[in-house]
Amino acid sequence: MGVRHINPEGLHRSRAFSQAVVVEQPTKTIYIGGQNGVDADGRVVGPTVAEQAPQALRNLRTILESEGASLADIVHWTIAVVDGHSVDEGVAAFQQMWDPADPPPAITVHVVAGLAPGRLVEIDAVAVV
C-alpha cells in the first residue's frame, strides 16, 4: 500500500502524530463520520471526556473492523472536545488504544462550543486499506 507518514525536517516531530500522511496509489479509503461516546443503544456512556473518548474510539474500531480494517489503517483523526473539558483526556484515550509500533496518523484537535446534548467529545477519521 502506498502510504507515507511525513515529518519533514524543520517541523516538530512527535511520537503521537505525523505532520501529514500521503496516499500514493488508488486504495480503499474509509471516511468515518464523527463518533461520540455512546453505546449501541445511543446512550452516552458517562459524564466525562475520560469515559466518552474510549467509547468513541471503540465505535471507530467497530466500523473499521466491519470493513476488514483496523486502527492502524487510520491516516487522519479529528478530535473535537467541548470547551471547558479536558482535551488531554481525549488524547490520552487515543494514546491508550494506538499501538506505538504503528506510524502515528495526522491529528487535528478542536475545542468546540458544544456538541449534541450530553456529548463532550466527537472523533472522526480517515482510513486507507
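Relevant structure appears above.
This is a predicted model, so every value here is computed, not measured. (Residues numbered from 1 in each chain as written. Predicted model: local features only at pLDDT ≥ 70, side-chain atom pairs only at ≥ 80, totals over all residues. Heavy atoms only, no water.)

### Let's talk about the pairing of strand E4 (residues 74-82)
The side chains of a regular strand alternate between both faces of the sheet.
Next, step 1: Burial analysis of E4 places 8 of its 9 residues in the buried class, which makes it a mostly covered element.
Next, step 2: Two strands pair when backbone bridges link them, and E4 and strand E6 (residues 121-128) are joined in this way by 7 bridges, in the antiparallel orientation. Bridge pairing links Ile 74 to Ala 127 in E6.
Next, step 3: Of the pairings in the sheet, the one linking E4 to strand E5 (residues 106-112) comprises 7 bridges and is parallel in character. The partner of Trp 77 across the bridge, within E5, is Ile 107.
Next, step 4: In the classification by handedness, the crossover that spans E4, the intervening helix H2 (residues 87-97) and the parallel E5 is right-handed. (Buried < 20%, exposed > 50% of the residue type's maximum accessible area, 1.4 Å probe, protein only. Helix = DSSP H or I, 4+ residues; strand = E, 2+ residues; numbered from the N terminus. Pairing = 2+ DSSP bridges. Right-handed = clockwise from strand over helix to strand, strands pointing away.)

### Examining the nonpolar core
Next, step 1: Among the nonpolar cores identified, the biggest contains 23 residues, and Leu 57, Leu 60, Leu 64, Ile 74, Trp 77 and Ile 123 are the most heavily contacted of them.
Next, step 2: Only strand E3 (29-36), helix H1 (49-66), E4, H2 and E6 provide two or more residues apiece to this core.
Next, step 3: When residues of this core are assigned to their parent elements, the largest contribution, 6 residues, is made by H1.
Next, step 4: Every residue in contact with Trp 77, bar those within four places of it in the chain, is listed here: Leu 57, Leu 60, Leu 71, Phe 94, Trp 98, Pro 105, Ala 106, Ile 107, Thr 108, Ile 123, Asp 124 and Ala 125. (Core = buried A, V, L, I, M, F, W, Y, C linked by side-chain atoms within 4.5 Å. Contact = heavy atoms within 4.5 Å.)

### Side note on the side chain of Asn 59
Next, step 1: Within the secondary structure layout, Asn 59 lies in helix H1.
Next, step 2: Looking at Asn 59, its side chain comes within polar contact range of the main-chain oxygen of Val 38, at 3.1 Å. (Polar contact = N/O pair within 3.5 Å; in protein donor to acceptor, adjacent residues only side chain to side chain.)

### Comments concerning the packing of aromatic side chains
Next, step 1: Under the criterion given, the structure shown has 1 aromatic pair.
Next, step 2: With a centroid separation of 6.4 Å and 75 degrees between ring planes, the pair formed by Trp 77 and Trp 98 is classed as edge-to-face. Linking Trp 77 in strand E4 with Trp 98 in the loop between H2 and E5, this pair joins segments that are 21 residues apart in sequence. Like Trp 77, the residue Trp 98 is buried in the burial classification. (Phe/Tyr/Trp six-rings, centres within 6.5 Å; stacked < 30°, edge-to-face > 60°.)

### Examining the environment of Phe 17
Next, step 1: Looking at the element boundaries, Phe 17 is found in the loop between strand E1 (3-6) and strand E2 (20-23).
Next, step 2: You can call Phe 17 partly exposed: its relative accessible area is 25%.
Next, step 3: A sequence separation of 90 residues divides Phe 17 from Ile 107, and the C-alpha atoms of the two residues are 6.0 Å apart.
Next, step 4: Contacts of Phe 17, omitting those with residues within four sequence positions, involve Asn 7, His 12, Pro 104, Pro 105 and Ile 107.

These results come straight from atomic positions and should not be treated as a statement about function.
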